[in-house]
Amino acid sequence: LPEVAAVDELAVMDDGSLLVAVKTYLEPPQFVRVDEASGKSVPTKLGQTSPVSFADVEVVREFATSRDGTRIPLNIVRKKGLKLNGSAPLLLYGYGGYNVSQVPKFLGAATRMWLDAGGVYVIANLRGGGEFGEDWHAQGSLTKKQNVFDDFAASAQYLVDKGYTTNARMAAIGGSNGGLLMGAVFTQHPELFRAVVSMVGIYDMLRVELDPNGAFNVTEFGSVKNPEQLKALHAYSPYHHVQDGANYPAIFMGTGETDGRVNPMHSRKMIARLQAATGSGRPVLLSINAHAGHGIGSSLSIRTGQTADLYAFLFDQLGMKYPAQ
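Residues numbered from 1 in each chain as written. Predicted model: local features only at pLDDT ≥ 70, side-chain atom pairs only at ≥ 80, totals over all residues. Heavy atoms only, no water.

Of the voids in this model, the largest pocket is the one considered here, and its volume is about 1500 Å³. Forming the boundary of the largest pocket are 45 residues, of which Tyr93, Lys105, Ile173, Gly175 and Met199 lie nearest the centre. Lining the second largest pocket are 15 residues, and of these Pro2, Thr24, Tyr25, Leu26 and Glu27 lie nearest its centre. (1 Å grid on protein atoms, 1.4 Å probe; cavity = no way out; pocket = protein on both sides within 12 Å on 5 of 7 lines; lining within 4 Å. Points joined across faces, edges and corners; volume = space filled by probe spheres on them.)

Structural data, given as structure tokens:
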């Protein structure tokens, strides 16, 4: 297998060989055939194709050290030969929840555009996910949710310390549970990022379980009915930790009117509070789509429109220009 790869499908063939579906960040998914006798694998014609090439790009895996000493894997997508002089605009993605593993998958055209404009893209494997088993998940859920935010903040600081970027050239992005991550990190560390994109996020942790879909989140976040969990929820609830006059980064939030998974109320409340509170003078924007929900199943036109909006926002805030073709 490639050095940074994922396998999500296996099939045993009649001749005893094994078909393996391989995914990487830089190549479309493809099946390879593994011969049992020799142990060698060869490509097959079963696979996807893409007009986007990443031949000039590499993925390196490095590790940040979180507040409690835990090593956090970072998958750094960069052009080959990148000089670590702090000049690159960098976009850091995180999720960290629900036992969901952030495994390699083909990045596609938007990331190609980001790299062509001089950017670096990083995917952090935070606690709360399932990358290292249930214990890794448990360390980032319920009363230990703060570990996820510490992991992400440590990841950002590592990338600055290693010379990939500076705080003024770095942005963060996440959605849903990752939107909660965005809200918690920029309220706890407003100086870390120049810009933050947070889609369909949860921001009022004291009311989320009262939403129509809220009861299903109690096993992940905890309940206000449990005193210990209430204390933990209030300690990081983004809405409750917005400070008047704080120099917040530029914020772009997106939500859908028909979101049945995360109440769009969260985005409306959070943006209103931030617009009233921020002292940085940077834009605090909310995009609401009347025909979208949580993002799953959204039409191609909605998805491309939202992608264009958020990248236009990031390019503007980080001073990026797409090279002339």
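Okay, the sheet that holds strand E12 (residues 284-289) next. The mixed open sheet is built from eight strands, whose spatial order is E5-E6-E8-E7-E9-E10-E11-E12. Either end of the sheet is taken by a strand with one partner, and the two such strands are strand E5 (57-65) and E12. Within this sheet the neighbouring strands show an average axis-to-axis angle of 20 degrees, counted without direction. Judged from the five bridges that link them, strand E10 (residues 195-199) and strand E11 (residues 250-256) form a sheet pairing that is parallel. From the neighbouring strand, Ala195 faces E11, where its bridge partner is Ala250. (Pairing = 2+ DSSP bridges. Helix = DSSP H or I, 4+ residues; strand = E, 2+ residues; numbered from the N terminus. Axes fitted to C-alpha atoms, helices over the stretch in contact; angles between N-to-C directions.)

What follows is about the pattern of salt bridges. Per the stated rule, a full pass over the model turns up 12 salt bridges. Lys79 is paired through a salt bridge with Asp56; the nearest N and O atoms lie 3.9 Å apart. On the criterion of sequence distance, the pair formed by Lys79 in strand E6 (residues 71-79) and Asp56 in the loop between strand E4 (41-47) and E5 is long-range, its members being 23 residues apart. Using a relative accessible area of 32% as the deciding quantity, one classes Asp56 as partly exposed. Between Glu58 and Arg78 there is a salt bridge whose closest N-O contact spans 2.8 Å. (Salt bridge = Lys/Arg side-chain N within 4 Å of Asp/Glu carboxyl O. Buried < 20%, exposed > 50% of the residue type's maximum accessible area, 1.4 Å probe, protein only.)

On to empty space enclosed by the protein. Any empty space left between the atoms is revealed when a probe the size of a water molecule rolls over them. Following the criterion strictly, the structure yields one cavity of 30 Å³ or more and no others. What lines the largest cavity is simply Met205, Val208, Glu209, Gly214, Asn217, Val218, Phe221 and Gly222. Its residues assigned to classes, the lining of the largest cavity shows four nonpolar, three polar and one charged. (Nonpolar A, V, L, I, M, F, W, Y, C, P; charged D, E, K, R; others polar.)

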